[in-house]
Amino acid sequence: MLFGSRSSKTFKPKKNIPEGSHQYELLKHAEATLGSGNLRQAVMLPEGEDLNEWIAVNTVDFFNQINMLYGTITEFCTETSCSVMSAGPRYEYHWADGTNIKKPIKCSAPKYIDYLMTWVQDQLDDETLFPSKIGVPFPKNFMSVAKTILKRLFRVYAHIYHQHFDSVMQLQEEAHLNTSFKHFIFFVQEFNLIDRRELAPLQDLIEKLGSKDR
């Protein structure tokens, strides 16, 4: 995905998958099938591959994509313009990570997204959760951690769509946003990774994206 002249602007440092590793090969496979344009097929588990590893590689990829998408609109997402983290008038998110902040706190969208992306980054960098070396097994709680990460990343998409879509259109990036989100949604649907209730803020859009592919 190319983001023109603004592509260097990510919100957090990009998370790189080590070249030469099996996960790097999987990422290349994912990119190649994405290029074919069939997203439903692109998200399927490649034959003979480990489900955890496939989910890990794609989670890192979505983190990087959202990082770039949000990076392009940070100047429009401010303490003043977005004093609460919301996805339209009916959905407001409060932050808690269970360790540093145990009781959910109300905070502005830029603050919330900063907490969220930093938290995701810490999970992705944790070798016990996301092992990058071949043969190192994934922990038993990997799937529940991955689900939490994806559930939270969805909230960034939801905030961008509800509060900043005008800016995305002005930057002529709606095609990138839509493709990225569609890929994300097909992926979480394929492996049932996000509860339907969590997806409610973008339900209409999800149905629209899905119906085009039937």
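As recorded in an unreviewed UniProt entry, the protein chain goes by the name MOB kinase activator 1A, listed as coming from Nothobranchius furzeri.

A. Quick peek at the packing of aromatic side chains. Within the structure shown, the criterion is met by 14 aromatic pairs. Ring geometry for Tyr-161 against Phe-165: centres 5.7 Å apart, planes inclined by 20 degrees, an arrangement best described as stacked. Placement of both Tyr-161 and Phe-165 in helix H5 (residues 142-170) is noted, with a separation of 4 residues, approximately one turn of the helix. For Tyr-161, a relative accessible area of 11% gives the class buried. Among the residues examined, Phe-165 registers a relative accessible area of 24% and is labelled partly exposed. Linked through ring pairs, Phe-62, Phe-154, Tyr-157, Tyr-161, Phe-165, Phe-181, Phe-184, Phe-187 and Phe-191 together constitute an aromatic cluster. One cation-aromatic arrangement involves Arg-40 over Phe-186; the distance from NZ or CZ to the ring centre is 3.8 Å. For Arg-152, the ring lying beneath its charged end belongs to Trp-119, and the centroid distance is 4.4 Å.

B. The arrangement of the nonpolar core in detail. With 65 residues, the main nonpolar core has Leu-153, Phe-154, Tyr-157, Phe-181, Phe-184 and Ile-185 as its most contacted residues. Listed by contribution, the elements that provide at least two residues to this core are helix H1 (22-35), helix H3 (51-73), helix H4 (109-125), H5, helix H6 (174-190) and helix H7 (203-211). Tallying contributions element by element places H5 first for this core, with 13 residues. In this structure Ile-185 touches Phe-154, Leu-199 and Ile-206, once residues within four positions along its chain are discounted.

Rules and cut-offs
- Residues numbered from 1 in each chain as written.
- Predicted model: local features only at pLDDT ≥ 70, side-chain atom pairs only at ≥ 80, totals over all residues.
- Heavy atoms only, no water.
- Phe/Tyr/Trp six-rings, centres within 6.5 Å; stacked < 30°, edge-to-face > 60°.
- Helix = DSSP H or I, 4+ residues; strand = E, 2+ residues; numbered from the N terminus.
- Buried < 20%, exposed > 50% of the residue type's maximum accessible area, 1.4 Å probe, protein only.
- Lys NZ or Arg CZ within 6 Å of the ring centre and 35° of its normal.
- Core = buried A, V, L, I, M, F, W, Y, C linked by side-chain atoms within 4.5 Å.
- Contact = heavy atoms within 4.5 Å.

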